[in-house]
Amino acid sequence: MKRPLHWIPTELHSHTVHSDGTMVPATLAAEAHRAGFGALALTDHNTATGRPALTAEGENHGLVTVPGLELTTFFGHVLVWGAEPSVDWRTLGPSDLGPALGSLGHRSTLAIGAAHPFRGGNPFCTGCFWEYDLPFDDLDCLEVWSGVDPDLLVDNHRALALWDQLLDQGVRITATAGRDWHRADPVPGLRSATFVGVEGSDPTDFIQALHRGRAAPSLGPLPSLARGEAGIGDRWDAGSDAPLTFGVKNSGWGLALGSVEGPRVALVSNLGALATHALGPEGGSFEVPVADLGLRWARVEVRGLVEGRERLLAFTNPVYGASGL
Amino acid sequence: MGEFLYRAEGRLFPETSRSHLEFRLFLDRDYRGLEIHFAYEPKLLEDPGAIAPLAAEGRQRFGLPDAPDPPFLQNLLTLSFDDARGFRGAAHRHPSDQTLFLGDQPSPGLEAGPVPRGIFRITLSVHAVVTEACTYRLTVRSLGETP
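Residues numbered from 1 in each chain as written. Chains lettered and ligands numbered in written order. Predicted model: local features only at pLDDT ≥ 70, side-chain atom pairs only at ≥ 80, totals over all residues.

J.: What's the story with the overall build of chain B in this structure? I'm lost.
T.: Counting its regular elements, chain B contains 1 helix and 10 strands. Helices and strands in chain B line up, N terminus first, as β-β-β-β-α-β-β-β-β-β-β. With respect to the principal axes defined by its C-alpha atoms, chain B has extents near 60 × 25 × 20 Å. (Helix = DSSP H or I, 4+ residues; strand = E, 2+ residues; numbered from the N terminus.)

J.: Looking at this structure, how should I read the overall build of chain A?
T.: Tallying secondary structure elements over chain A gives 5 helices and 18 strands in all. Taking 20 Å as the expected radius of gyration for a compact globule of 325 residues, we find that chain A reaches 19 Å, a close match to that expectation. Overall size of chain A, expressed as C-alpha extent along the three principal axes, is 50 × 45 × 40 Å. In chain A, which comprises 325 residues, the share counted as buried stands at 54%. For chain A, contacts bridging at least 24 residues in sequence account for 70% of all contacts bridging at least 6. (Rg over C-alpha atoms; globule rule 2.2 N^0.38 Å. Buried ≥ 20, exposed ≤ 12 C-beta atoms within 10 Å, placed from the backbone. Contact = placed C-beta atoms within 7 Å.)

J.: Before we go on, may I ask you to explain the interface of chain A and chain B in this structure?
T.: The extent of an interface is frequently quoted as the accessible surface area lost upon association of the parts. Contacts between the two partners involve 21 residues from chain A, matched on the other side by 27 residues from chain B. For the side of chain A that touches chain B, a count of residues per class yields 6 nonpolar, 13 polar and 2 charged. (Nonpolar A, V, L, I, M, F, W, Y, C, P; charged D, E, K, R; others polar.)

J.: What is the right way to read the sheet that holds strand S9 (residues 118-128) of chain B from this model?
T.: Hydrogen bonding along the main chain pairs the strands of a sheet, whether they run parallel or antiparallel. Residues and elements named next belong to chain B. As summarised here, the arrangement of the 4 strands in space is S2-S9-S6-S7, forming an open sheet in which the pairing is antiparallel. Of all the strands in the sheet, the pair left with one neighbour each is strand S2 (19-27) and strand S7 (86-91). The mean angle between the axes of side-by-side strands here comes to 20°, regardless of whether they run parallel or antiparallel. Pairing of S2 with S9, which is carried by 9 bridges, proceeds in the antiparallel orientation. Looking across to S9, one finds that Arg24 is bridged to Arg121. (Pairing = 2+ DSSP bridges. Axes fitted to C-alpha atoms, helices over the stretch in contact; angles between N-to-C directions.)

J.: Would you mind going over the sheet that holds strand S12 (residues 244-250) of chain A with me for this structure?
T.: All names here are of chain A. Spatially, S11-S10-S12-S15 is the arrangement adopted by the 4 strands of the open sheet, whose pairing is antiparallel. Pairing within the sheet leaves two strands with one partner each, and these edge strands are strand S11 (230-231) and strand S15 (284-288). Pairing of strand S10 (residues 221-227) with S11 involves 2 bridges; the strand directions are antiparallel. Across the sheet, residue Arg227 finds its bridge partner in S11, namely Ala230.

J.: When you look at the confidence of the model for chain B in this model, what are you seeing that I'm missing?
T.: Interpreting fine coordinate detail is not advised for predicted regions of low pLDDT. Scored by pLDDT, chain B has a mean of 97; 99% of the residues are at 70 or more. With pTM at 0.96, the complex prediction returns an ipTM value of 0.96. (pLDDT = per-residue confidence, 0-100.)

J.: Could you clarify how one ought to interpret the domain arrangement of chain A in this entry?
T.: Residue and element names in this part refer to chain A. With domains assigned, chain A is organised as domain 1 (6-215) and domain 2 (221-320). The C-alpha centroid of domain 2 is placed 24 Å from the C-alpha centroid of domain 1. Domain 1 puts 18 residues into the contact, and the matching count from domain 2 is 15 residues. Of all the secondary-structure elements, those providing two or more residues to the side of domain 1 that touches domain 2 are strand S1 (6-11), helix H4 (154-168), strand S7 (174-178) and strand S8 (193-198). (Domains from an automatic or database assignment.)

J.: Just checking my understanding: could you explain helix H5 (residues 203-212) of chain A for this structure?
T.: What sets the pattern is the α-helix's 3.6 residues per turn: residues three or four places apart point alike. Looking at H5 of chain A, one finds that the buried residues are Pro203, Asp205, Phe206, Ile207, Ala209 and Leu210 of chain A. Following H5 of chain A by one or two positions, Gly213 of chain A has its phi on the positive side, about 75°.

J.: Please clarify how the pairing of S12 of chain A should be interpreted in this entry.
T.: In summary, the side chains of a regular strand alternate between the two faces of the sheet. All names here are of chain A. Sheet topology places S10 next to S12; 7 bridges connect them, and they run antiparallel. Pairing of Pro223 across the sheet is with Val248, part of S12. Sheet analysis places S12 next to S15, joined by 5 bridges and oriented antiparallel. Following the sheet pairing, Val248 is matched in S15 by Gly284.

Spelled out as structure tokens, the structure:
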């Protein structure tokens, strides 16, 4: 019997004064609580010294704090969630990340992702652009959404296109969102979260969920997707004749569908769009029979007009076909 | 003010970008802590005429045709430390004048504890030099010996 998942709005990418953020851990935890997050990962650049203070402050606010770090190199920024990795970022050239991650051995206690892969590098932001030549199979996650109001940024459109391309190639990599939160400023736009589907509330549950693809970046609406017993991130059984069931509802966090003009949900896949439905202010649920044996992955997108601009509002990681991935 | 243990100065260039300079100094005693002062200048490149070609090159390289010229570009140098026992943390931050402490009350980003006798390694990570040149000064002082 599968345990039910709890979908927790999580900030997976944040900084404090322990690197180049302006918040002390206590402020970051208070701000995360105020923003309604249920979990927060501290990913300071190349140091983990902020972890103990953040953990203590997180407990005061009922926040799950996921230990993390951003390996900040000249050729890419690597998000690492979990135990402090024994990788010396100062020794990494463009071809060295793969072997370095390989040397970590079994990675069940770590999840590793590429941060903001298309943000401009030197002279704008050295190392921000992803230049490592390791196969994306070697990573667990891809930060498809970076920053505030992520769908307005062209770099994130490129990351989404890369992710779809990887999925089509059979690479299984979990899409995440991260604000890359450095300051306690008022949010100048729509804030995103990664809704992480966890069985429990231990930080390791979040790392396992990232490994398993149980994640849905969103501005607020919470999409759902399943085929039979297989949910987001799972693989459906060979021979399954179950339809794909999908939908979206308000999460209670962030943007509500009632403030979106023309909201709609689409089921997209390696075969293109399988279905699109208009949504009411409370969302809706739908199903699509699966007839084509060539279907290898399907995921949900929620779109609509907010503040006069058409936007991607939320998306799930895929449910995967029985073979091919 | 503690005993001077080390001093270095130097000049960096755009071609120095994306490289690490390493200073290895031998500490012949156990120290309660160290005070490291690090400064570099200039920090900013604000001349629109100098920014334009760099930004144009960046736009082309990173496929960002619509990105406007930024109002400024900045040099970024950061320090990290290793003592004879291992990694002592990183100070990845933007100010171009920093005083950092290792010891019982370390600066954020750095690991607490004394600094043992042996090779002490300072890594100066040159993330970006966007100005014609950039000069730096680095000094290390003792915060007292371990009793």
